[in-house]
Amino acid sequence: MSRRDRPLRPGTAWAHGTAWAALAAIALSGCGADSDRSLSGLIEIDGSSTVFPISQAMAEEFQIAYRRAVRVSVGVSGTGGGFQRFCNGETEIANASRRINDAEAASCAAHGIEPVELQVAWDGLTVVVHPSNDWVDCVSVTELRRLWTPGSDIVNWRQVRPAWPDEDLRLYGPDTDSGTFDYFTAAVVGEEGASRHDYAASTDDNVLVAGVSGDPGALGYFGYAYFEDNRGHLRALEVDAGGGCVAPTRETILDGTYTPLARPMYIYVRRDALVRPEVNAFVSFYIDHAATLIPEAGYMPLEPEAYATLRARIG
């Protein structure tokens with residue numbers, strides 16, 4: 001499936017399009033963006049499916065503002081896959097739901113690529129079950145660890161807690177190319193990449209949403225925006241890290257009480273690409289409109305001062 005053919009998440013403003021796009025075009029017409037008719041070219045973005053909704057929204061609105069003289073293509077190959085393409089010089093921007101690791105940084109250096117790290121938002125990994133599940137409202141980090149640790153043989157809800165029913169339990173989660181997988185395993189299991197492998201895995205969070213929403217015995221995890229966009233088909237669990245049960249909400253993610261599953265989200269830009277006018281214009285647009293478009297995508301923006309700092313870094 002090509003990037004252009006990939007279905008958008010249901011319920012998003014840009015998936016349905018015209019009303020929001022028209023309002024955005026009007027709102028952005030005064031920012032001076034489409035006054036520069038000289039910009040053209042193609043900007044390639046790939047990586048995290050969690051960051052995808054933000055970058056896709058930015059791409060759509062940027063192309064409207066610039067009268068589509070600049071094409072912005074957003075792919076979804078997972079954070080790891082995105083960094084591989086980025087460090088090979090195939091893309092200008094990588095979407096990432098974790099920071100670049102040492103091996104990826106070394107690969108970039110070997111190809112003469114300097115990554116510019118920009119944290120753009122906050123997310124909260126959300127543990128979800130089928131809406132018909134009426135026996136669990138809160139799950140502890142210890143229980144999640146027992147479920148997901150390598151070699152775990154838990155396949156029944158009663159194995160997690162004796163008070164829970166004798167029902168099959170099936171797991172859904174990101175695959176090993178996903179930054180969400182890396183973050184969850186580090187935060188919950190205690191070692192990045194350590195996980196049982198007998199679960200339904202996908203790089204695409206839409207696939208995980210469909211899996212959990214169609215399976216009464218399911219438990220899965222993915223980014224908060226994918227839960228928020230599908231509230232009628234999923235139920236989010238509270239998480240107890242030792243201080244009591246905390247639900248994933250915009251407030252708990254931002255104030256740090258939703259621990260340990262609140263996390264930063266990033267884009268990485270090639271330093272050499274930033275000198276290209278169309279790339280610099282897009283990244284500037286991304287930062288300047290983050291406070292507006294990131295909440296529309298279902299995530300939490302940074303404080304205004306943080307975006308001002310990012311803007312100063314890219315010039």
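Residues numbered from 1 in each chain as written. Predicted model: local features only at pLDDT ≥ 70, side-chain atom pairs only at ≥ 80, totals over all residues. Heavy atoms only, no water.

### A word on the sheet that holds strand 14 (residues 300–301)
To summarise the sheet geometry, strands pair through backbone hydrogen bonds and adopt either a parallel or an antiparallel arrangement. Pairing in this open sheet of six strands is mixed, and the strands run 2-1-3-13-4-14 from one edge to the other. Every other strand in the sheet has two partners, leaving strand 2 (70–74) and strand 14 as the edge strands with one partner each. Both strand 4 (residues 115–124) and strand 14 contribute to a ladder of two bridges, which runs antiparallel. Its bridge partner lying in strand 14, A121 is registered against P301. Running at roughly 55° to strand 1 (residues 41–47), helix 12 (residues 277–288) makes contact with strand 1, strand 2, strand 3 (93–96), strand 4 and strand 13 (262–270) of the sheet. Each of strand 4 and strand 14 is contacted by helix 14 (residues 304–314), which is oriented at about 160° to strand 4, the strand it contacts most. (Pairing = 2+ DSSP bridges. Helix = DSSP H or I, 4+ residues; strand = E, 2+ residues; numbered from the N terminus. Contact = heavy atoms within 4.5 Å. Axes fitted to C-alpha atoms, helices over the stretch in contact; angles between N-to-C directions.)

### Points about the packing of aromatic side chains
For the coordinates displayed, the defined rule picks out 13 aromatic pairs. Ring geometry for F62 versus Y66: centroids 4.4 Å apart, planes at 35°, classification tilted. Both residues of the pair, F62 and Y66, belong to the buried class. Both rings, one in W135 and one in W157, keep their centres 5.6 Å apart while their planes meet at 75°; by these two values the pair is edge-to-face. (Phe/Tyr/Trp six-rings, centres within 6.5 Å; stacked < 30°, edge-to-face > 60°. Buried < 20%, exposed > 50% of the residue type's maximum accessible area, 1.4 Å probe, protein only.)

### Points about the pairing of strand 5 (residues 126–129)
Burial along strand 5 is two-sided: the face carrying T126 and V128 and the face carrying V127 and V129 are both buried. Two elements, strand 5 and strand 9 (residues 218–222), share four bridges in a ladder whose sense is antiparallel. Bridging from a neighbouring strand, V129 pairs with L219 of strand 9. Sheet topology note: the strand 5/strand 10 (residues 235–236) ladder contains two bridges and is antiparallel. Each bridged residue has a counterpart across the sheet, and for V129 the counterpart in strand 10 is R235.

### A closer look at the pairing of strand 7 (residues 170–174)
Of all five residues making up strand 7, four are buried, and the element is well covered by its neighbours. Note: strand 7 against strand 9, three bridges, orientation parallel. Considered in strand 9, the bridge of R170 is made with A218. Between strand 7 and its parallel partner strand 8 (residues 200–202), the chain crosses via helix 8 (residues 179–189), and the hand of that crossover is right-handed. (Right-handed = clockwise from strand over helix to strand, strands pointing away.)

### Details of the state of the cysteines
Inspection of the entire model under this criterion finds two disulfides. Note that C87 is cross-linked by a disulfide to C108, the S-S spacing being 2.0 Å. Judged by the torsion about the S-S bond (-70°), the C87/C108 disulfide is left-handed. Residue C87 is found in helix 4 (residues 78–87), and its partner C108 is found in helix 5 (residues 102–110); the two are separated by 21 residues along the sequence. Residue C87 is classed as buried on the basis of its relative accessible area, which comes to 1%. We classify C108 as buried; its relative accessible area is 0%. With a sulfur-sulfur separation of 2.1 Å, C138 is cross-linked through a disulfide to C245. Taking the sign of the torsion about the S-S bond as the criterion, the disulfide between C138 and C245, at about -95°, is left-handed. With C138 in strand 6 (residues 138–140) and C245 in strand 12 (residues 245–246), the pair connects residues that are 107 residues apart, well separated along the chain. (Disulfide = S-S within 2.5 Å.)

What is shown is where atoms sit, not what they do.
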